[in-house]
Amino acid sequence: MQRRSRGINTGLILLLSQIFHVGVNNIPPVTLATLAVNIWFFLSPLKPLLGSCLSVETCYQQKDWQRLLLSPFHHADDWHLYFNMASMLWKGINLERRLGSKWFAYVIVTFSLLTGVVYLLLEFALAEFMNEPVFRRNCAVGFSGVLFALKVLNNHYCPGGFANVLGFPVPNRFACWAELVAIHFISPGTSFTGHLAGILVGLMYTLGPLKKIMEMCAGNFPSPVHYPGQQYYFNSSGYSRYQDYYPHGMPGYSEEVPRDYDAYTAGLSEEEQLERALRASLWDRGLNQE
């Protein structure tokens, strides 16, 4: 299937404007590299979408395992790219400065591969237990599965507060599940299983053995560095800074430190972008988008 033609890639232009508004020098290197790779593959895809999307039939039955590497970095259209990478910009700034660039790069690579593997296992299980061959042919593409895993990780480090999901306040620890359900019902062209796979990978890292396994395999570079008393953010001028962060607010105060989203979302929070994304057309027949 060919990427839909939109003429001018408005989503790509908007994404680039946000990146330059934040300031290239203010974006941590692994986050910036991830954005660059996704943009590069959008402009110069290695394969058509049907040649890079991930499914049980193409990977397991046809032994085309390179799709595990290709599928996260290909997107159906410019808006699909924009919403995923705008979210990546926000998550990358927070997590890379908390974990350190080397460990964050390790996390991105591991999550990218493992999310694809878990997606295939879920689709295979559905096909077997429901006796429905269509699950073997469901083909997903995009970075959203990895983003859901990163969102679980981010909420693990910043558990307090609420997220706005379609106008409803949801505790951060449940935000991933609420967004999973919301996306499935409002934009059925997206890959429910791909997003669920990302959440499961994130939980494997925060609650399961994945982090310890990664530490055992890490070898020469250090484990993540934590800054429990600091929370990084970007102000409206695009310059990075930090402030004291307390999970339950400042001592003696009940209010949480507000976030300033203007530098990287053009005034929209991540949840508000999600709501706009759900209303956008990200549907390609026969192809699920993560």
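The shown structure was predicted, so the numbers you read here are calculated from the model rather than taken from an experiment.

> Could you give me a rundown of the overall build of the protein, with the residues and numbers involved?
In terms of regular secondary structure, the protein is built from 14 helices and 6 strands. In the protein, the proportion of contacts linking residues at least 24 apart, taken out of those at least 6 apart, comes to 75%. A total accessible area of about 13900 Å² is found for the protein, and carbon and sulfur atoms account for 62% of it.

> How would you sum up a nonpolar patch on the surface? Please name residues and give values.
Taken together, Leu 16, Phe 20 and Val 24 make up a surface patch of nonpolar side chains, about 260 Å² in accessible area. By the element assignment, Phe 20 lies in helix H1 (residues 10-22). For Phe 20, a relative accessible area of 58% translates into the label exposed.

> Would you mind going over the UniProt feature "transmembrane region" (unreviewed entry) in the protein in detail, with residue names and values included?
UniProt feature "transmembrane region" (unreviewed entry): in the numbering of this structure it lies at residues 103-122 and 181-207. In the segment residues 181-207, helix accounts for 78% and strand for 0%; the C-alpha atoms at its two ends are 22 Å apart.

> Explain the packing of aromatic side chains to me, using residue names and the numbers behind them.
Counted under the stated rule, the structure contains 8 aromatic pairs. Seen in terms of ring centroids, Trp 103 and Tyr 106 are 5.2 Å apart; in terms of plane orientation they differ by 90°. Their pairing is edge-to-face. Taken as a pair, Trp 103 and Tyr 106 lie in helix H7 (residues 101-129) at a separation of 3 residues, close to a single helical turn. Of the residues examined, Trp 103 reaches a relative accessible area of 1% and is grouped as buried. For Tyr 106, a relative accessible area of 18% puts it in the buried group. Taken together, Phe 41, Phe 73 and Phe 143 form an aromatic cluster joined through their ring pairs. A cation sits over an aromatic face here: Lys 63 above Tyr 60, 4.8 Å from the ring centre.

> Which residues make up the state of the cysteines, and what values go with them?
For the structure on display, the rule yields 1 disulfide. Two residues, Cys 53 and Cys 139, share a disulfide whose sulfurs are 1.9 Å apart. Every disulfide takes its handedness from the sign of the S-S torsion; for Cys 53 and Cys 139 that torsion is 90°, giving right-handed. Placement of Cys 53 in the loop between helix H3 (49-52) and helix H4 (56-61) and of Cys 139 in the loop between helix H8 (134-137) and strand S1 (140-141) is noted, with a sequence separation of 86 residues between them. As a non-bridged cysteine, Cys 59 has Cys 139 as the owner of its nearest cysteine sulfur, 7.8 Å distant.

> Give a detailed account of helix H10 (residues 172-186), specifying residues and quantitative values.
With 15 residues, H10 ought to run about 21 Å at 1.5 Å a step, and its terminal C-alpha atoms sit 21 Å apart, in line with that. Considered for burial, the residues of H10 that qualify are Asn 172, Ala 175, Cys 176, Glu 179, Leu 180, Ala 182 and Ile 183.

> Hey, could you go over H1 for me, with residue numbers and the actual values?
An ideal rise of 1.5 Å per residue puts 18 Å on 13 residues; H1 measures up with 19 Å between its terminal C-alpha atoms. Of all the positions in H1, only Gly 11, Leu 12, Leu 15, Gln 18, Ile 19 and Val 22 are classed as buried. The buried residues of H1 occupy an angular sector of 125° when the element is viewed end-on, so they sit on one face. H1 presents Ile 13 and Phe 20 as exposed residues on the side facing more than 90 degrees away from its buried surface. Following H1 by one or two positions, Gly 23 has its phi on the positive side, about 105°.

> I'd like to hear about the packing of H7 against helix H11 (residues 192-206), residue by residue, with values.
At a minimum axis separation of 8 Å, H7 and H11 run at an interaxial angle of 125°. Put simply, H7 runs oblique to H11. Regarding H7 and H11, the two cross each other, and that crossing is right-handed. Residue-level inspection shows Trp 103, Val 107, Phe 111, Leu 114, Thr 115, Val 118, Tyr 119, Leu 122, Glu 123 and Leu 126 of H7 in contact with H11, the latter providing Thr 193, Gly 194, Leu 196, Ala 197, Gly 198, Leu 200, Val 201, Met 204 and Tyr 205. Its residues assigned to classes, the contact of H7 with H11 shows 14 nonpolar, 4 polar and 1 charged.

> Quick rundown of the pairing of strand S3 (residues 168-171)? Include the residues and the values.
Sheet topology places strand S2 (residues 162-165) next to S3; 4 bridges connect them, and they run antiparallel. Considered in S3, the bridge of Phe 162 is made with Pro 171. Hairpin connection between S2 and S3: a loop of 2 residues separates the two successive antiparallel strands, and Leu 166 in this loop has a positive phi of roughly 55°.

> Mind laying out the nonpolar core, listing which residues take part and the relevant values?
Ranked by size, the top nonpolar core spans 49 residues in total, and within it Met 88, Val 107, Phe 111, Leu 150 and Tyr 205 carry the most contacts. Among the elements of the structure, H1, helix H2 (29-43), H4, helix H6 (78-99), H7, helix H9 (144-157), H11 and helix H12 (210-218) are those that each provide at least two residues to this core. By residue number, the principal contributor to this core is H6, which donates 10 residues. Counting 7 residues, the second largest nonpolar core, distinct from the first, contains Val 152, Leu 180, Leu 196 and Ile 199.

> Describe the pattern of salt bridges, and please don't skip the residues or the numbers.
If you walk through the whole model with that rule in mind, you get 3 salt bridges. Its salt-bridge partner being Asp 64, residue Arg 67 comes within 2.8 Å of it at the nearest N-O pair.

Definitions and limits used
- Residues numbered from 1 in each chain as written.
- Predicted model: local features only at pLDDT ≥ 70, side-chain atom pairs only at ≥ 80, totals over all residues.
- Heavy atoms only, no water.
- Helix = DSSP H or I, 4+ residues; strand = E, 2+ residues; numbered from the N terminus.
- Contact = heavy atoms within 4.5 Å.
- Areas by Shrake-Rupley, 256 points an atom, 1.4 Å probe, with all protein chains shown as cover.
- Patch = residues over 30% accessible without salt bridge, like charges linked within 9 Å, V, L, I, M, F, W, Y side chains within 5 Å.
- Salt bridge = Lys/Arg side-chain N within 4 Å of Asp/Glu carboxyl O.
- Buried < 20%, exposed > 50% of the residue type's maximum accessible area, 1.4 Å probe, protein only.
- UniProt positions renumbered as here; feature names shortened; annotations may be inferred.
- Phe/Tyr/Trp six-rings, centres within 6.5 Å; stacked < 30°, edge-to-face > 60°.
- Lys NZ or Arg CZ within 6 Å of the ring centre and 35° of its normal.
- Disulfide = S-S within 2.5 Å.
- Expected span 1.5 Å × (residues − 1).
- Arc of directions from axis to C-beta.
- Axes fitted to C-alpha atoms, helices over the stretch in contact; angles between N-to-C directions.
- Parallel < 35°, antiparallel > 145°, perpendicular 65-115°, else oblique.
- Left-handed = near helix turned anticlockwise from the far one by under 90°.
- Nonpolar A, V, L, I, M, F, W, Y, C, P; charged D, E, K, R; others polar.
- Pairing = 2+ DSSP bridges.
- Core = buried A, V, L, I, M, F, W, Y, C linked by side-chain atoms within 4.5 Å.

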